[in-house]
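Notes for the structure review
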Amino acid sequence: MYAIVRHYRAHPDTIRKMVEHVDAQFADRVPKQVGSVLYTAVGTGEGTVMTITVFRDAEAAAASEAAVTELQRDLKEGFGVEEVAVQRGEVLINRGDVAMARPIGFGGAAA
């Protein structure tokens, strides 16, 4: 497995609107659209968000770049969101609970 962690920044007032938009409009489609097995967004405070996207392998991650670029362009145009950092790498340890299989929408409610 292979993961990409992306850090984004926007004006703090727009982060909530942007996350609500992502949750309502395309979060359910992200795994299929970019070929991932997991997509998670984490609010990290002060107008920042981190996404963690896990793929079956590095090739699947590389193949996702065009779709990710398009999504990022839409978020920048609509909300002023900018990618500020990216880390990529092989998943070395992976454990999960069945709770991870249950989608969670914005605000913590089951999707």
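Residues numbered from 1 in each chain as written. Predicted model: local features only at pLDDT ≥ 70, side-chain atom pairs only at ≥ 80, totals over all residues. Heavy atoms only, no water.

**Description of the overall build of the protein**
How we decide: Under the DSSP-based scheme used, a helix requires at least four consecutive residues in state H or I and a strand at least two consecutive residues in state E, with every element numbered from the N terminus. Our radius of gyration looks at C-alpha atoms and nothing else; its globule reference is 2.2 Å times the residue count to the power 0.38.
The secondary structure content of the protein amounts to four helices and four strands. Its helices and strands in sequence order give the protein the pattern β-α-α-β-β-α-α-β, from N to C terminus. Here the C-alpha radius of gyration of the protein, 14 Å, is about what a compact globule of 111 residues would show, namely 13 Å. By its C-alpha atoms, the protein is 35 × 30 × 25 Å across when sized along the principal axes.

**Things to note about the pattern of salt bridges**
What counts here: Salt bridges are defined by distance alone: a side-chain nitrogen of Lys or Arg within 4 Å of a carboxyl oxygen of Asp or Glu.
Per the counting criterion, the structure on display carries five salt bridges. With a shortest N-O distance of 3.2 Å, E65 and R6 are connected by a salt bridge. Note that E65 is positioned in helix α4 (residues 65-79) and R6 in strand β1 (residues 2-9), a separation of 59 residues in sequence. Here E83 makes a salt bridge to R6, at a shortest N to O gap of 2.8 Å. Placement of E83 in strand β4 (residues 82-90) and of R6 in strand β1 is noted, with a sequence separation of 77 residues between them. By sharing partners, the salt bridges in this structure join R6, E65, E83 and R88 into a single network.

**Let's talk about the sheet that holds β4**
Here is the rule we go by: For two strands to be treated as a pair, DSSP must find at least two bridges joining them. Axis definition: a line fitted to C-alpha atoms, over the contacting stretch in the case of helices. Angles run 0 to 180 degrees between N-to-C directions.
The sheet built from four strands is open, its strands ordered β2-β3-β1-β4 with antiparallel pairing. Taken across any chain shown, the strands that pair with only one partner, and hence form the sheet edges, are β2 (38-45) and β4. Adjacent strand axes in the sheet meet at a mean angle of 15°, parallel and antiparallel pairs treated alike. Pairing geometry for β1 and β4, over eight bridges, is antiparallel. Bridging across to β4, R6 finds its partner in V86.

**Observations regarding the layout of surface pockets**
Rules: In this analysis the probe radius is 1.4 Å and the grid spacing 1 Å, with only protein atoms considered; a cavity is a set of points the probe fits into but cannot get out of, a pocket is an open set with protein on both sides within 12 Å along at least five of seven lines, and lining residues have an atom within 4 Å of a point. Grid points are joined across faces, edges and corners, and a volume is the space filled by probe spheres set on the points. The nonpolar class holds Ala, Val, Leu, Ile, Met, Phe, Trp, Tyr, Cys and Pro. Asp, Glu, Lys and Arg form the charged class, and all remaining residues, Gly among them, are polar.
By volume, the largest pocket is sized at about 1,300 Å³. Looking at the largest pocket, it is lined by 46 residues, and the ones nearest its centre are L38, Y39, T40, A41 and I104. For the lining of the largest pocket, the secondary-structure elements that each account for two or more residues are β1, α1 (12-25), α2 (30-34), β2, β3 (48-55) and α4. Tallied by class, the residues present in the lining of the largest pocket amount to 32 nonpolar, eight polar and six charged.

**Focus: the side chain of T51**
Filter applied, for reference: Type-normalised accessible area, obtained with a 1.4 Å probe on protein chains alone, sets the label of each residue: buried when under 20%, exposed when over 50%, and partly exposed for intermediate values. Contacts between residues were defined by any pair of non-hydrogen atoms, one from each residue, lying within 4.5 Å.
Positionally, T51 belongs in strand β3. Overall, the relative accessible area of 7% leaves T51 in the buried class. Setting aside residues no more than four positions away along its own chain, T51 makes contact with I4, V5, R6, Y8, Y39, T40 and A41.

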